[in-house]
Amino acid sequence: MTDLATAVIAGDRPALARAITLVESTHDADRDLALALIQRLMPASGGALRVGVSGAPGSGKSTMIEALGVALVDAGRRVGVLTIDPTSARSGGSVLGDKTRMEELSRRDDAYIRPSPSGRTLGGVARRTREAMLVVEAWGADVVLIETVGVGQSEIAVAGMVDQFLLLISPGGGDELQGIKRGVMELADVIVVNKHDGELHAAAEQSRAEYAAAAHLMRPRHEGLSTPVLLASALKRIGLNEVWDAIEGRHGFLAADGRLARLRSAQASDWLWSEVREGLLAEVEADPKASAIAKLREAHVADGTAFPPRVAREIVEAFLDRK
């Protein structure tokens, strides 16, 4: 693990790929190794600007990430991209198509794109996304972009691990303002109406006016910082400077007054309890007595003869009574 950590910190791309594969592994035998690796990488991580990118399917998340990533690399930055692909409930597999869609960015030496299956974690965010982010930072990325699945709860999960949260809006979809939950808008640091080009030019401007009015009525994510609503076209590479200036400007403001440090401290606490919950669930599922009761009583829950909360308590009590 020391050799692997040294190679990652030195900027070795194959070592980076091996390291992320290790931290994403679901095999119990790999977990101690992954934790040892992360511990060695921690001193070299934490220096990147972490940005979550969300939006409904079709809003242009991958196109925007590639456009921003290329612009940042051209400006001398090193960029890491972590994309979460939906996992099949039947096969457990995922398409992992983001790397294919970001063809131009994937060819840049100072960019690294890592698609990961969402697994079964809340909102479709890969359980090890936080650890993968630390590995990418240790590799030397000074910007990390995390793309959500765009299916509701993933926005909350990603917002809990980034410094800035970018919400993309696609115009021309009818009354799209009604389709965005208030909570999602309140998570956003910057809102961008994408596809401000061609036939959607006028629709994008109308959408921007509607979202700007809505954002004015909502509580901003950070007190004293209003949420800008911008126009851009990721496909045509229009408005990207304004988008990044807004992200970087807010990040600098939060860092200067200490709120960024407090935000990351709160996120670390959330990470702790997320790991506790996941670890306890795994222990309960692996416990012979608890799993036997769960298997027996689940059929009763399914046919309506047992009350789920009461059965859940039985399973937990069986797990706790392991003398």
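Structure: above.
Quantities reported herein were computed from a predicted structural model and do not represent experimental measurements.

## Description of helix 1 (residues 2–9)
Part 1 of the reasoning: Those residues of helix 1 lying buried are Leu4, Ala5 and Val8. Each buried residue of helix 1 lies within a common arc of 100° when the element is viewed along its axis, so the set occupies one face.
Part 2 of the reasoning: Packed against the buried residues of helix 1 are helix 2 (13–24), helix 3 (28–41) and helix 7 (129–139).
Part 3 of the reasoning: Positive backbone phi, approximately 90°, marks Gly11, located one or two places after helix 1.

## Considerations on a nonpolar patch on the surface
Part 1 of the reasoning: Side chains of Leu272, Trp273, Val276 and Leu280 sit close together on the surface and give an oily, nonpolar patch of about 390 Å² of accessible area.
Part 2 of the reasoning: You can see Leu280 is positioned in helix 12 (residues 259–286).
Part 3 of the reasoning: Since its relative accessible area comes to 46%, Leu280 is described here as partly exposed.

## Side note on the packing of helix 1 against helix 2
Part 1 of the reasoning: Two elements in contact, helix 1 and helix 2, have axes whose closest approach is 8 Å; the angle formed by their N-to-C orientations is 125°. Here helix 1 lies oblique to helix 2, going by the angle between them. Remark: the crossing between helix 1 and helix 2 carries left-handed chirality. Across from Leu4, Ala7 and Val8 in helix 1, the residues of helix 2 making contact are Ala15, Leu16, Arg18 and Ala19.
Part 2 of the reasoning: Looking at the contact of helix 1 with helix 2 residue by residue, the classes come out as six nonpolar, no polar and one charged.

## Digging into the nonpolar core
Part 1 of the reasoning: The biggest cluster of nonpolar side chains holds 45 residues, and the ones touching the most others in it are Val8, Val135, Val136, Val144, Ile146 and Met185.
Part 2 of the reasoning: The element best represented in this core is helix 7, accounting for seven residues.
Part 3 of the reasoning: Leu49, Val73, Val81 and Leu145 belong to the second largest nonpolar core, which has 30 residues in total.

## Notes on the pairing of strand 6 (residues 190–193)
Part 1 of the reasoning: Residue alternation in strand 6 divides its side chains into two sets, Val190 and Val192 and Ile191 and Val193, and both sets are buried.
Part 2 of the reasoning: Bridge analysis of strand 5 (residues 164–169) against strand 6 gives four bridges, and the strand direction is parallel. Looking at the pairing, Leu168 lines up with Val192 of strand 6.
Part 3 of the reasoning: Relative to strand 7 (residues 229–231), strand 6 is paired through three bridges, and the arrangement is parallel. Its bridge partner lying in strand 7, Val192 is registered against Leu230.
Part 4 of the reasoning: For the handedness criterion, the β-α-β arrangement of strand 6, helix 10 (residues 201–217) and strand 7 is classed as right-handed.

Criteria and cut-off values
Residues numbered from 1 in each chain as written. Predicted model: local features only at pLDDT ≥ 70, side-chain atom pairs only at ≥ 80, totals over all residues. Heavy atoms only, no water. Buried < 20%, exposed > 50% of the residue type's maximum accessible area, 1.4 Å probe, protein only. Helix = DSSP H or I, 4+ residues; strand = E, 2+ residues; numbered from the N terminus. Arc of directions from axis to C-beta. Contact = heavy atoms within 4.5 Å. Patch = residues over 30% accessible without salt bridge, like charges linked within 9 Å, V, L, I, M, F, W, Y side chains within 5 Å. Areas by Shrake-Rupley, 256 points an atom, 1.4 Å probe, with all protein chains shown as cover. Salt bridge = Lys/Arg side-chain N within 4 Å of Asp/Glu carboxyl O. Axes fitted to C-alpha atoms, helices over the stretch in contact; angles between N-to-C directions. Parallel < 35°, antiparallel > 145°, perpendicular 65-115°, else oblique. Left-handed = near helix turned anticlockwise from the far one by under 90°. Nonpolar A, V, L, I, M, F, W, Y, C, P; charged D, E, K, R; others polar. Core = buried A, V, L, I, M, F, W, Y, C linked by side-chain atoms within 4.5 Å. Pairing = 2+ DSSP bridges. Right-handed = clockwise from strand over helix to strand, strands pointing away.

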